[in-house]
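Geometric and topological summary
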Amino acid sequence: MRPIVRTSTLSRIRWALRNQERNSSAFYSKSRKHLIGVNQNHQALVNTNTHSSTLYSRLSFSRGLSAEAVEAADAAKLTVSGDVNRTGPLVEYERRISDGELMTGDVCQLSALKELQRLHDELMESVDTCRLDRYNTSDKFSRSRWFWSRLMPQSSYSPVKGLYLYGGVGTGKTMLMDLFFDQLPCTWKKQRIHFHDFMLTVHSRLQKHKGLSDPLEVVAQEIAHDAILLCLDEFMVTDVADALILNRLFGHLFSNGIILVATSNRNPDKLYEGGLQRDLFLPFISSLKERNVVHEIGSSVDYRKLTSAEQGFYFIGKDLSTLLKQKFQHLIGDNVVARPQVVEVVMGRQLQVLGANGCAYFPFEDLCDRPLGAADYFGLFKKFHTLALEGIPVFGLDNRTAAYRFVTLVDVMYENRARLLCTAEASPQELLEKIVTIWDAKSMAPRTSSRSRKNDVSELCVDNELGFAKDRTISRLTEMNSKEYLEQHAIAHNL
């Protein structure tokens, strides 16, 4: 297998040489023109690619070469030949830097890209062994393998380890995974899907195979038949029903040769922390770490917050119902009447919606105070690209369940690149200010000398899952209200 260092460090040498030919301020100015319009009339983006990874690419932050990178570049001077035809996520990342689509590479992202490039190279060398090419694996072989697995249980673990990529919000995990996924041949048995959506599919298939002795085994075989390489974005476990089946599900998936690439905000050891019956979940963590390389992105930069955030669609205050309805009417068209509609979601469920021209209107209570979940939200955004949400409250102990649903709603909207028009009692940061992790609660001091620690803590909602999720939600709400995001949405939907 070819060493990863060659391409990576060679690019850094090239980058250093290019910097000798142009000063950094001119380069920054040139790159900014690729990001946003320069006038105050919100000029459209120059590059109109609507893929989710492109936004991250445009927002990458200049850091410069570290001493470590310079040393690595010096070490690579003797190994610069033979890489011209190399492909993969690291090569593509460096091409974007070379073309000015990205500024200097984030050192933490480069470290993660080395792991993705390692996986890319190993997969390219193990296509037949891993049965990745759907056109080279005969139906006869698949049927034969299924038949014998009925008679004698078999295991076919992949010789290639997957990758579990975790880190803080907005550090580019999704962009990096998409970069990796897009560099692989389209003829491969691969799938890229949000974890919420993946689990909805699993539960739907379990319903279909209800009554079998082991429906999870059948579901795993179906998934492996469609995709050997499974890329799951935003891996997180908050639902006890998911937690209880993940160990057996992935046990079957791994034994069917599945290779997992996952992104998450949580270290594997922190998944489902504090959840019900977590002891039954722990074997899954061990299996996850055994079958995957675990890598942390240590960047402290939230690239989503580097957008030119505005408040054109996020209105703070109470009694703003009339304003929101006026804005909603403007979006659907002044002469268009929004009418009640029925949206079909999974397993025969239906959702009542007031909407028109791709825009839906809901009071907050109707979406987040009712027993709805990710399935309902995914169904909603298959039909609507814009949500007008009235009256988002500040979250705390008294509305913890609604906070969970709101976090899920934002995740689904972001995954579908939907647009949010809303009224809220406070800014995104203040909406979730009272929600903290156990560690945060223990380390908090009273805010004033006149208030006791007990009173101070009594206002908090101490919840590990929500506490970890809130930074992601704040980050996404910030980006979803940015000029870049809204312009990309308008381009994507010809608005």
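Relevant structure appears above.
Residues numbered from 1 in each chain as written. Predicted model: local features only at pLDDT ≥ 70, side-chain atom pairs only at ≥ 80, totals over all residues. Heavy atoms only, no water.

A few points about the overall build of the protein
Looking only at helices and strands, one finds 21 helices and 13 strands in the protein. Of all 495 residues assigned to the protein, the portion counted as buried reaches 52%. (Helix = DSSP H or I, 4+ residues; strand = E, 2+ residues; numbered from the N terminus. Buried < 20%, exposed > 50% of the residue type's maximum accessible area, 1.4 Å probe, protein only.)

Observations concerning the sheet that holds strand β3 (residues 229-233)
Spatially, β2-β3-β4-β1-β5 is the arrangement adopted by the 5 strands of the open sheet, whose pairing is parallel. The strands lining the two open edges of the sheet, one partner per strand, are β2 (190-194) and β5 (292-297). Across the sheet, the axes of successive neighbouring strands diverge by a mean angle of 10°, strand direction being ignored. With 4 bridges connecting them, strand β1 (residues 162-167) and strand β4 (residues 259-264) associate as parallel partners. Following the sheet pairing, Y166 is matched in β4 by S264. Across the sheet, helix α8 (residues 173-182) touches β1, β2, β3, β4 and β5, and the angle it forms with β3 is around 160°. Packing against the sheet, helix α12 (residues 282-291) makes contact with β1, β4 and β5, and its axis sits at approximately 90° to β5. (Pairing = 2+ DSSP bridges. Axes fitted to C-alpha atoms, helices over the stretch in contact; angles between N-to-C directions. Contact = heavy atoms within 4.5 Å.)

Digging into the nonpolar core
L367, L389, F395, F406 and L409 are the most contacted members of the largest nonpolar core, which totals 58 residues. Counting residues per element, this core draws most heavily on helix α16 (residues 400-415), which supplies 9 residues. Apart from the residues lying within four places of it in its own chain, the contact partners of L389 are L324, F362, P363, F364, L367, F406, L409, L420, L421, C422 and T423. Counting 33 residues, the second largest nonpolar core, distinct from the first, contains F198, L206, I223 and L288. (Core = buried A, V, L, I, M, F, W, Y, C linked by side-chain atoms within 4.5 Å.)

Regarding the packing of aromatic side chains
Going through the model one piece at a time under the given rule, you end up with 15 aromatic pairs. Ring centres 5.9 Å apart and planes at 50° place the aromatic pair F364 and F395 in the tilted group. In this pair, F364 is assigned in helix α14 (residues 364-368) and F395 in the loop between β10 (386-392) and α16, connecting sequence segments 31 residues apart. An aromatic cluster is defined as three or more aromatic residues linked by ring pairs; in this entry it consists of Y164, Y166, F195, F198, F235, F250, F254, Y272, F281 and F284. Between the NZ or CZ atom of R266 and the centre of the ring of F468, over which it lies, the distance is 3.7 Å. (Phe/Tyr/Trp six-rings, centres within 6.5 Å; stacked < 30°, edge-to-face > 60°. Lys NZ or Arg CZ within 6 Å of the ring centre and 35° of its normal.)

What to know about the environment of T437
Position of T437 relative to the elements: it lies in the loop between β12 (435-436) and α18 (438-443). Owing to a relative accessible area of 6%, T437 belongs among the buried residues under this scheme. Spatially, the C-alpha atoms of T437 and L460 are 9.8 Å apart, while their sequence positions differ by 23 residues. Among residues more than four places away in sequence, those in contact with T437 are V462, D463, N464, G467 and F468.

Here's the deal with a nonpolar patch on the surface
A cluster of nonpolar side chains, V240, L244, L276 and L280, forms an exposed patch at the surface whose accessible area comes to about 350 Å². Mapped onto the elements, L276 comes out in the loop between β4 and α12. (Patch = residues over 30% accessible without salt bridge, like charges linked within 9 Å, V, L, I, M, F, W, Y side chains within 5 Å. Areas by Shrake-Rupley, 256 points an atom, 1.4 Å probe, with all protein chains shown as cover. Salt bridge = Lys/Arg side-chain N within 4 Å of Asp/Glu carboxyl O.)

Details of the pairing of β10
Residues in a regular strand project their side chains so that they alternate between the two faces of the sheet. Here β10 lies mainly inside the structure; 5 of its 7 residues are buried. Two strands pair when backbone bridges link them, and strand β9 (residues 359-363) and β10 are joined in this way by 5 bridges, in the parallel orientation. In the sheet register, P363 faces β10, and the bridge partner there is E390. Bridge count between β10 and strand β11 (residues 419-424): 5 bridges; the pairing is parallel. Paired with L387 across the two strands is L420, which belongs to β11.

Structural notes on the pattern of salt bridges
Summed over all chains, the structure comprises 21 salt bridges. A salt bridge links E92 to R96; the nearest nitrogen and oxygen atoms lie 3.1 Å apart. Taken together, the positions of E92 and R96, both in helix α5 (residues 89-98) and 4 residues apart, correspond to about one turn of that helix. Taken as a pair, E92 and R96 share a single burial class, namely buried. With a shortest N-O distance of 3.5 Å, K270 and E273 are connected by a salt bridge. Salt bridges linked by common partners bring E92, R95, R96 and D99 together as one network.

Some details on unusual backbone geometry
Positive phi, close to 55°, is recorded for Y272, a residue that is not glycine. Assignment of secondary structure puts Y272 in the loop between β4 and α12. Note on Y272: relative accessible area 4%, which makes it buried. For N357, which is not glycine, the phi torsion reads 50° and is therefore positive. Position of N357 among the secondary structure elements: in the loop between β8 (350-356) and β9.

Topic: the environment of T129
Topologically, T129 is positioned in the loop between α6 (107-125) and α7 (139-151). T129 sits in the exposed class, given a relative accessible area of 57%. Distance in space between the C-alpha atoms of T129 and G257 is 9.7 Å, their sequence separation being 128 residues.

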